[in-house]
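# Observations on the three-dimensional arrangement
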Amino acid sequence: MNIQNYIYGRFIDPVSNEWIDNYNPSVGQVYGQTPNSGKEDVEKAFQAANKAFPSWSNTSIDERSRILLKIAQLITEKQSELAAAESKDNGKPLALATAIDIPRASANFRFFANAITQFASEAHESVGMDAMNFTLRQPLGVVGCISPWNLPLYLFTWKIAPALAAGNCVVAKPSEVTPMTAFLLGEICNRAGLPKGVLNIVHGLGTTTGQAIVAHPKIKAISFTGGTQTGAHIARVAAPMFKKLSLELGGKNPNIIFSDCDYENMLHTTVRSSFANQGQICLCGSRIFVERGIYQRFKVDFVEAVSKLKIGDPANPKTDIGALVSDQHLKKVTSYIANAHKYGGTVLFGGNNVQVEGLEHGYYLQPTIIEVQDNQCKLNQEEIFGPVVTIMPFDTEEEVLQMANDITYGLSATLWTNNLNRTMQMVKQIQAGIVWINTWLLRDLRTPFGGVKNSGVGREGGFEALRFFTEPKNICIKYQTSENGLTTKK
Ligand code: NDP
């Protein structure tokens, strides 16, 4: 199936008529073509968005909210089609796409459709100076949204929904590796009555299409989710133009397990936080630290639980682990495993490519557990972004805190303990944007979402996202007070 760009409400081929192969990772075969868009396509998308902006930014909050709610509803109605498309494009289990990815894409639109009706700005009375200030929060104009391949529609809509709710018009690019559901979203937007040009979706490579969006002098802000190196590059390109930037980048998150935790819940959740979506979630707890008293027990139980995970055809409802997203990514992940010994690691489980019957060319890999001795080793310091976790023991809170923080990343952390005092002391010192206690990936969309250090700049979620997509302008009104405090004299 061929994908087209979605510009001014129409589906069109790229100006160059150049195309990129789109792969189905579960079979390792090309199943369609994606536009290889260039600067001219981004310019067309910008012009469309710019034309739509005056009207969309003056559309009432109620009407914007109504249209976004309609998009949410249509995503839900098309849930099975979208989930099947996501699974085929990405290799993730269909069951996961059905239970998580697509419902969340719908929830993103529903959430921001409602949030905008509650969004308010501040007022400051300058007491004693006879002045009143209020803050106007106006949409920025045309903004760029660039998203990665691991949670394609989920993360694409997480950016687009608040941008549109706040009254901006958007030029968006999904990853060229997983463009299908973003393409299908265009039709949904048309059916929902989103005015032409309000959302424009341009497909292509990061280094050409993505670069053209970031470098466009009139695109006012960039909301980006992806790798840390790409984020650094985007920041360099955008900085001289003083663009507003929201960067959600990589992670190498600690999962810290104390012996006083609820063991069964921890074990079950740790399997998920390690390997959900083939470990290709920026929030996965890829560095597992276990208190020495339960280390041996955990090691045995964790290996046993992971060995029961079913690897196979993403379309099979019993599959826990589907295919990795691409051959290139599979090779990157397996190179860490092949060199584990060199980095001081011992593979306790997994590490092998898997041949799935009938899908022999798909990109399947066993979930892999590597025991390491030193947090400074490459396996613990670099983001592998696949079904690979490391485990190592610790003795004291101080030691584990030092190891958790001794890394360039700071996206999320998970803590397993029933000790409230320990929890409160540790959460203040862990260097991360998000800390989960006795749970993982429990999300309330009102909360701030993002990382510190090399995991990013800025926060998404709730009013933080609406603040990002608006420019605050303070209005100061000076007035005069007469003697009786009224304008009319007796
Ligand atoms: P990339 O950084 O390679 O790509 C992300 C997006 O940016 C893609 O759409 C890509 O296009 C595009 N892109 C690439 N180069 C440029 C450029 N020079 N200018 C503009 N856009 C560009 O990341 P991945 O897609 O490989 O995603 C995995 C990464 O994303 C991991 O590091 C992961 O941790 C991170 N991530 C972070 C999250 C967070 O919330 N903090 C959540 C999910 C993932 P294309 O793919 O077409 O080349």
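Residues numbered from 1 in each chain as written. Predicted model: local features only at pLDDT ≥ 70, side-chain atom pairs only at ≥ 80, totals over all residues. Heavy atoms only, no water.

### A short note on the site of the ligand
Near the ligand, the surroundings consist of 32 residues, among which Glu 176, Thr 230, Leu 249, Cys 282 and Glu 383 are the closest. Contacts to the ligand include Gly 226, whose backbone N or O atom sits 3.3 Å from an oxygen atom. Coverage of the ligand by the protein amounts to 89% of the 900 Å² it exposes when considered alone. Spatially, the ligand is embedded in the largest pocket. Those elements that place two or more of their residues in the shell around the ligand are helix H7 (206-215), strand E10 (221-225) and helix H8 (228-238). For the shell around the ligand, the element with the highest residue contribution is H7, accounting for four residues. By residue class, the composition of the shell around the ligand is 14 nonpolar, 14 polar and four charged. (Near = heavy atom within 4 Å. Polar contact = N/O pair within 3.5 Å; in protein donor to acceptor, adjacent residues only side chain to side chain. Areas by Shrake-Rupley, 256 points an atom, 1.4 Å probe, with all protein chains shown as cover. 1 Å grid on protein atoms, 1.4 Å probe; cavity = no way out; pocket = protein on both sides within 12 Å on 5 of 7 lines; lining within 4 Å. Sits in = over half its atoms within 2 Å of the grid points. Helix = DSSP H or I, 4+ residues; strand = E, 2+ residues; numbered from the N terminus. Nonpolar A, V, L, I, M, F, W, Y, C, P; charged D, E, K, R; others polar.)

### Here we look at the sheet that holds strand E22 (residues 470-478)
Spatial strand order, E5-E6-E22: three strands in an open sheet with antiparallel pairing. Strand pairing shows two members of the sheet lacking a second neighbour, strand E5 (123-126) and E22, which therefore form its edges. Averaged over all pairs of adjacent strands, the angle between their axes in this sheet comes to 20 degrees, without regard to strand direction. In this sheet, strand E6 (residues 131-139) lies alongside E5 in antiparallel orientation, the contact comprising four bridges. Paired with Ala 123 across the two strands is Phe 134, which belongs to E6. (Pairing = 2+ DSSP bridges. Axes fitted to C-alpha atoms, helices over the stretch in contact; angles between N-to-C directions.)

### Some thoughts on unusual backbone geometry
Unusually for a residue other than glycine, Asp 130 sits at a positive phi of about 50 degrees. Tracing the backbone shows Asp 130 in the loop between E5 and E6. With relative accessibility at 26%, the residue Asp 130 sits in the partly exposed group. Even without glycine at this site, Asn 438 takes up a positive phi of about 55 degrees. Its location among the elements puts Asn 438 in the loop between strand E19 (434-437) and strand E20 (452-453). Taking the relative accessible area as the measure of exposure, Asn 438 reaches 26% and is therefore partly exposed. (Buried < 20%, exposed > 50% of the residue type's maximum accessible area, 1.4 Å probe, protein only.)

### What about the layout of surface pockets?
Here the largest pocket defines a volume of roughly 1,400 Å³. If you go around the largest pocket, you meet 48 residues; those closest to its centre are Pro 148, Trp 149, Gly 226, Gly 227 and Thr 230. For the lining of the largest pocket, the elements supplying multiple residues, two or more each, are helix H5 (152-165), H7, E10, H8 and helix H11 (327-338). Of the residues that constitute the lining of the largest pocket, the class distribution is 20 nonpolar, 20 polar and eight charged. Taken as a whole, the second largest pocket holds about 650 Å³ of empty space. Leu 96, Arg 272, Ala 276, Asn 277 and Trp 440 are, among the 27 residues lining the second largest pocket, the residues nearest its centre. For the lining of the second largest pocket, the secondary structure elements donating two or more residues are helix H4 (94-118) and helix H9 (263-275). (Points joined across faces, edges and corners; volume = space filled by probe spheres on them.)

### Here's the deal with the pattern of salt bridges
In the structure shown here, the tally under the stated rule is 14 salt bridges. Notably, a salt bridge pairs Glu 460 with Lys 159, separated by 2.7 Å at the nearest N-O pair. Of the two residues, Glu 460 sits in the loop between strand E21 (456-457) and helix H15 (462-468) while Lys 159 sits in helix H5, which places them 301 residues apart along the sequence. The same class applies to Glu 460 and to Lys 159, which are both buried. Salt bridges here are not isolated pairs; linked through shared partners, they connect Asp 260, Glu 397 and Arg 422. (Salt bridge = Lys/Arg side-chain N within 4 Å of Asp/Glu carboxyl O.)

### Overview of the packing of aromatic side chains
By the definition in use, this model includes 11 aromatic pairs. For the ring pair Trp 149 and Phe 385, a centre distance of 5.3 Å and an interplane angle of 70 degrees mean the geometry is edge-to-face. Pair noted here: Trp 149 is in the loop between strand E7 (142-146) and H5 and Phe 385 is in the loop between helix H12 (378-381) and strand E16 (388-394), with a separation of 236 residues, a long-range link. Clustering of aromatic rings is evident, with ring pairs tying together Phe 111, Phe 112, Trp 158 and Phe 449. One cation-aromatic arrangement involves Lys 244 over Phe 468; the distance from NZ or CZ to the ring centre is 5.5 Å. The ring of Phe 258 has Arg 422 sitting right over it, with the charged end atom 3.9 Å from the ring centre. (Phe/Tyr/Trp six-rings, centres within 6.5 Å; stacked < 30°, edge-to-face > 60°. Lys NZ or Arg CZ within 6 Å of the ring centre and 35° of its normal.)

### Some points on the pairing of E7
Counting buried positions along E7 yields five of five residues, so the element is predominantly enclosed. Of the strand pairs in this sheet, E7 and strand E8 (residues 169-173) are connected by five bridges, and their pairing is parallel. Note that in E8 the partner of Val 142 across the bridge is Cys 169. Traced from E7 through H5 to E8, the parallel crossover comes out right-handed. (Right-handed = clockwise from strand over helix to strand, strands pointing away.)

### As for empty space enclosed by the protein
For the coordinates displayed, the defined rule picks out three cavities of 30 Å³ or more. Taken as a whole, the largest cavity encloses approximately 100 Å³ of empty space. As for the largest cavity, its lining consists of 15 residues, of which Gly 279, Ile 281, Cys 284, Ser 286 and Phe 385 are closest to the centre. Classifying every residue of the lining of the largest cavity by side-chain character gives seven nonpolar, six polar and two charged.

### Quick word on the pairing of E8
Judged by how many residues are buried, E8 sits mostly within the fold: five of five residues are covered. Looking at chain direction, E8 and strand E9 (residues 199-201) are connected through three bridges and run parallel. Paired with Ala 172 across the two strands is Ile 201, which belongs to E9.

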